[in-house]
Amino acid sequence: MGNFHHISVLLEDSIGLLNIKEDGLYLDATVGGGGHSLAIAKKLTTGKLVAMDQDREALEAAKVRLHEYADKVQFIEGNFRHVVKKLMPYGLFGFDGILMDIGVSSHQIDTEDRGFTFLQDGPLDMRMDQSLEISAADILNAYNESDLIHILKDFAEERYAGRIARNIVQRRVLEPYETSKQLVDTVLSSLPREAKKQEWKSVMRVFQGMRIAVNDELGALEEAIPQMIRLLKTGGRLAIISFHSLEDRIVKNAFRLAESECVCPPKSPICTCNKKAEVRIITKKPIVATEDELQENTRSHSAKLRVIEKLGG
């Protein structure tokens, strides 16, 4: 497993806004390196923390980091899209606070054989859950050109998605995709001259898009948020840290929907949906990293924190 290194993003803000009670019940749905979980566990006396992650390496590392608080922590392996199913055997519900730190961890990026980064040459894996059947290499070698364009346009928001997808299909006939360097070379060779000054941004976006596709990250997030809201007790809070606009848009829209009183069509003469507001939004604008945090952790530059509170009834 090696040394699981991860610097927790927006730590003070997220823990502060969760209003940790010493006897409360909390869920860290993306425990990662355990930084946020450790901050929560330190504040508990008779309370309990559920630490969950789909990455087995992350979970094992968190167990080591949180060993002093083992009596307060329940570790669960699984994707947060299955959170209710995963919690049912333990009879855990009515949480005082839930935290979701979305995206890839520092350890996953820095581990060559996980294939998340273009800065090192490694296998094109990108699976957060190593039990998943399809890797990035599988997608690159098997998906048709239109499906690849969809990934690069919708998940990577890459301007030259068509050029890159076409070249991926052409290159794999001669040499199947296996390593990060192969994908980097394809992206760089696909860009027109006017895009050369921003070429590494294109590479970064393509790797992001592939990672999202492999792990179905956006689908998982959309499924998870309503479950997290249901799991909260009245007054409980849900804090979500996202790292790119696609994630943040899903979080923002889900929070707005949960806060809304009515979802009937605008032209409806009367309300027939009978929807009630489930939450109130605590952060009217997302919280972002301070200059001090940006200097300490460059990976926090795109982080956005949004928080809601569960209403009664």
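In what follows, the structure referred to is the one given above.
To keep things clear, this report deals only with the structure shown in the data block. (Residues numbered from 1 in each chain as written. Predicted model: local features only at pLDDT ≥ 70, side-chain atom pairs only at ≥ 80, totals over all residues. Heavy atoms only, no water.)

So, on to the sheet that holds strand 5 (residues 232–242). The strand order across the open sheet built from seven strands is 3-2-1-4-5-7-6, with neighbouring strands paired in mixed fashion. Pairing within the sheet leaves two strands with one partner each, and these edge strands are strand 3 (73–77) and strand 6 (279–281). Direction aside, neighbouring strands of the sheet carry axes that sit 15° apart on average. Pairing analysis gives three bridges linking strand 6 to strand 7 (residues 304–310), with the strands arranged antiparallel. By the bridge assignment, V279 is partnered in strand 7 with K310. Across the sheet, helix 3 (residues 56–65) lies against strand 2 (48–53) and strand 3, angled at about 165° from strand 3, the strand it touches most. (Pairing = 2+ DSSP bridges. Helix = DSSP H or I, 4+ residues; strand = E, 2+ residues; numbered from the N terminus. Axes fitted to C-alpha atoms, helices over the stretch in contact; angles between N-to-C directions. Contact = heavy atoms within 4.5 Å.)

Once that is clear, we can look at the packing of aromatic side chains. The final tally for this structure, using the stated rule, is two aromatic pairs. Residues F118 and W200 carry aromatic rings whose centres are separated by 5.9 Å and whose planes lie at 25° to one another, so their mutual orientation is stacked. Of this pair, F118 sits in the loop between helix 5 (106–110) and helix 6 (136–142) while W200 sits in helix 10 (residues 199–215), and the two are 82 residues apart along the sequence. The class of F118 is partly exposed, set by a relative accessible area of 22%. According to the relative accessible area criterion, W200 is partly exposed, its value standing at 43%. Here the aromatic rings of F118 and F207 are separated by 5.8 Å at their centres, their planes lie at 65°, and the arrangement is edge-to-face. Pair noted here: F118 is in the loop between helix 5 and helix 6 and F207 is in helix 10, with a separation of 89 residues, a long-range link. Within the aromatic cluster, the residues linked to one another by ring pairs are F118, W200 and F207. (Phe/Tyr/Trp six-rings, centres within 6.5 Å; stacked < 30°, edge-to-face > 60°. Buried < 20%, exposed > 50% of the residue type's maximum accessible area, 1.4 Å probe, protein only.)

Our next topic: the packing of helix 7 (residues 145–155) against helix 10. Remark: helix 7 packs on helix 10, axes separated minimally by 8 Å, with the N-to-C direction vectors making an angle of 110°. With respect to each other, helix 7 and helix 10 are oriented roughly perpendicular. Facing helix 7, whose interface residues are I151, L152 and F155, helix 10 presents V206, Q208, G209, M210, I212 and A213. Its residues assigned to classes, the contact of helix 7 with helix 10 comprises seven nonpolar, two polar and no charged. (Parallel < 35°, antiparallel > 145°, perpendicular 65-115°, else oblique. Nonpolar A, V, L, I, M, F, W, Y, C, P; charged D, E, K, R; others polar.)

One side chain can pair with another of opposite charge once the charged atoms of both are near each other. The full count for this structure, using the stated rule, is 17 salt bridges. The partner of D216 in a salt bridge is R81, with the nearest N and O atoms 2.9 Å apart. Of this pair, D216 sits in the loop between helix 10 and helix 11 (217–231) while R81 sits in the loop between strand 3 and helix 4 (83–87); the two residues are 135 residues apart in sequence, bridging distant segments of the chain. A cluster of three or more residues bridged by salt bridges with shared partners is formed by K21, D96 and K233. (Salt bridge = Lys/Arg side-chain N within 4 Å of Asp/Glu carboxyl O.)

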